[in-house]
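Residue-level structural notes
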Amino acid sequence: MNMLNKQMPATEKYEKMPTGRVDIDDALASPAYFEAEREGIFKKVWLNLARGSDIPNPGDFVVKTIETLETSIILVRNKEGQINAFHNACAHRGMTLCGKHETSGNKKFFACPFHDWVYDTDGVLKAVPDRQFFAEEDLDGVTLSKINVGLWEGFIFINLDANPAQTLEEFLGDMYTGYEGYFNDDKLKLVNRYVMETDMNWKFYVDSSIEAYHANVVHIQNNTGQNNESGTILHVDAEAIRLYDQHRIIGIPSGFGDRQLSPIEGLSYQYGSITPYDPRSAGSDMPPGINCNNDPNWAFDIVEFFPNIVLFVSAPLYAVIRLWPSSENKCLYEADVYMSEPENAAARVALEYGLLSLRDVLREDVNTAEGTTTMTRSGAVKEYIFSDQEIAVRHNYKVVDDMVQAWLKSKANIGA
């Protein structure tokens, strides 16, 4: 008998989700488990690398060197405006086409800095010095190594698997629709990018992103609209929690406590809508996939595209957080923030305050992930205890472990 079962509406809503304590021990933060995640998850599913607005014109390219995937990738828009993805490797002898300092630009052709083999933006080999010294059949059909690429609402996704188990639409499932018009590059533009090298297991950052139970402790003095004197605790309604096959969303309410604004915060509020908790953002028209339970006090959604993309979706801004682990306790953290461009100097000040406030929230969550990583790796923690408010965290661990175990099983079968 579960003597602690009181109010658990999310658990009742998702009755097929496992309950009880979750065995953790050091396996979830061990080198072997991470390698299984790398091979069985990251190299098998669709991953977001950038937005189409990062390469708007024919010939525009960006280079993404991803330690998680153990490769470097060129994203380039060809002369017809289509986006291609290639491994950043010459087909001759594997030299990187774009060096470590050449991360973006515009090219009609990519020339290898080793032997000057030249490729166009479709990856087709166009020129080979001293071609007469090669067997012609060896050069027939030579191209750059192509990577599967897909687009969703302006986001560029890639899949390293030569034969992906799902199309991008199948992978996103019910989340493929419902966001039409929100990610508008003419309205919300990239205003800042934060990059951090962190000492954390990537999953532990996802944990704090998909539950609000921690907010009145971790973010108590930030822009969450509450403090110690408010006497309120952030609670997420079960109807604002959405669990899909692999992805998950939680909707965060506003209006759960007041606090005295600091002078600079008050001035920033006066000249711009800088946080989702600003009451002036309430009632903003949103596509049906956002604020799905139509909460009049809605502030923002946290959207997690499995495995490593966290979207912070609100009326005045959105942020894209990408987590790129290189080991069980190291992770490159990238956060891109999109807001409306300021119309005047006062609005610029408000925007900068909003950016700094969001930056502090992100850093606070990184801090918890680093602390959790340290002690989970120590082996001192053998299991986690989840509340009803943390059901999305439980869901993430289940999805990760299901995929890891499936990959380990398939590897064992191949070796048998």
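Each remark here, short or long, concerns the structure printed above.
Below you will find a few notes about this structure. (Residues numbered from 1 in each chain as written. Predicted model: local features only at pLDDT ≥ 70, side-chain atom pairs only at ≥ 80, totals over all residues. Heavy atoms only, no water.)

Glancing now at the overall build of the protein. When its secondary structure is counted, the protein shows nine helices and 19 strands. When each of the 416 residues of the protein is scored for burial, the buried share is 51%. Relative to all contacts within the protein whose residues are 6 or more apart in sequence, the contacts with residues 24 or more apart total 67%. As presented, the protein carries roughly 19,900 Å² of accessible surface, and 50% of it is formed by carbon and sulfur atoms. (Helix = DSSP H or I, 4+ residues; strand = E, 2+ residues; numbered from the N terminus. Buried < 20%, exposed > 50% of the residue type's maximum accessible area, 1.4 Å probe, protein only. Contact = heavy atoms within 4.5 Å. Areas by Shrake-Rupley, 256 points an atom, 1.4 Å probe, with all protein chains shown as cover.)

Right, let's talk about the sheet that holds strand 8 (residues 118-120) for a bit. Spatially, the three strands line up as an open sheet ordered 7-8-9, and their pairing is antiparallel. Only two strands of the sheet have a single partner each, and these edge strands are strand 7 (109-111) and strand 9 (125-127). Averaged over neighbouring strand pairs, the angle between their axes works out to 35° when direction is ignored. Sheet topology note: the strand 8/strand 9 ladder contains two bridges and is antiparallel. Directly across from Val118, in strand 9, lies its bridge partner Ala127. (Pairing = 2+ DSSP bridges. Axes fitted to C-alpha atoms, helices over the stretch in contact; angles between N-to-C directions.)

For Leu351, the position within the fold is in helix 8 (residues 345-377). The exposure class assigned to Leu351 is buried, which follows from its relative accessible area of 3%. Considered as a pair, Leu351 and Ser340 are eleven residues apart in the sequence and their alpha carbons are 8.7 Å apart.

Spatially, seven strands are ordered 12-18-17-16-15-14-13 in an open sheet, and the strand pairing comes out antiparallel. In this open sheet, the two strands that pair with only one neighbour each are strand 12 (189-198) and strand 13 (241-243). Within this sheet the neighbouring strands show an average axis-to-axis angle of 15°, counted without direction. Relative to strand 16 (residues 309-314), strand 15 (residues 298-305) runs antiparallel, the two sharing six bridges. Bridging from a neighbouring strand, Val303 pairs with Leu311 of strand 16. Across the face of the sheet, helix 5 (residues 202-209) comes into contact with strand 14 (248-253), strand 15, strand 16, strand 17 (317-327) and strand 18 (330-339) while running at roughly 155° to strand 17. Of the strands in this sheet, strand 12, strand 17 and strand 18 are in contact with helix 8, which crosses strand 12 at around 25°.

Right, let's get into helix 5. The buried fraction of helix 5 amounts to eight of the eight residues, a majority that puts the element mostly inside the structure. Within helix 5 the residues assigned to the buried category are Trp202, Lys203, Phe204, Tyr205, Val206, Asp207, Ser208 and Ser209.

Okay, the nonpolar core next. Leu75, Trp152, Phe183, Tyr205, Leu311, Leu323 and Tyr333 are the most contacted members of the largest nonpolar core, which has 99 residues in total. Broken down by element, the residue count for this core peaks at nine residues, all from helix 9 (residues 391-415). Beyond its immediate sequence surroundings of up to four residues, Tyr333 is in contact with Tyr194, Val195, Met196, Thr198, Met200, Tyr205, Ile321, Arg322, Leu323, Leu362 and Val366. Counting residues in hydrophobic clusters, the runner-up holds 17 residues, among them Ile74, Phe110, Leu139 and Leu144. (Core = buried A, V, L, I, M, F, W, Y, C linked by side-chain atoms within 4.5 Å.)

With that settled, consider the packing of aromatic side chains. Where two aromatic rings form a pair, the distance of their centres and the angle of their planes describe that pair. Inspection of every chain in the model, using the stated rule, returns 19 aromatic pairs. Their ring planes at 55° and their centres at 5.8 Å tell us that Tyr182 and Tyr318 sit as a pair that is tilted. Taken as a pair, Tyr182 in the loop between helix 4 (168-172) and strand 12 and Tyr318 in strand 17 lie far apart in primary sequence, 136 residues in all. Given the relative accessible area of 0%, Tyr318 is considered buried. (Phe/Tyr/Trp six-rings, centres within 6.5 Å; stacked < 30°, edge-to-face > 60°.)

So, on to the pattern of salt bridges. Any two side chains of opposite charge can pair, so long as their charged atoms come close to each other. Under the counting rule described, the total for this entry stands at 19 salt bridges. The salt bridge partner of Arg51 is Asp185, with a shortest N-O separation of 2.9 Å. With Arg51 in strand 2 (residues 47-51) and Asp185 in the loop between helix 4 and strand 12, the pair connects residues that are 134 residues apart, well separated along the chain. In the salt-bridge network here, residues are joined through shared partners; they are Glu35, Arg38, Glu39, Lys43 and Glu70. (Salt bridge = Lys/Arg side-chain N within 4 Å of Asp/Glu carboxyl O.)

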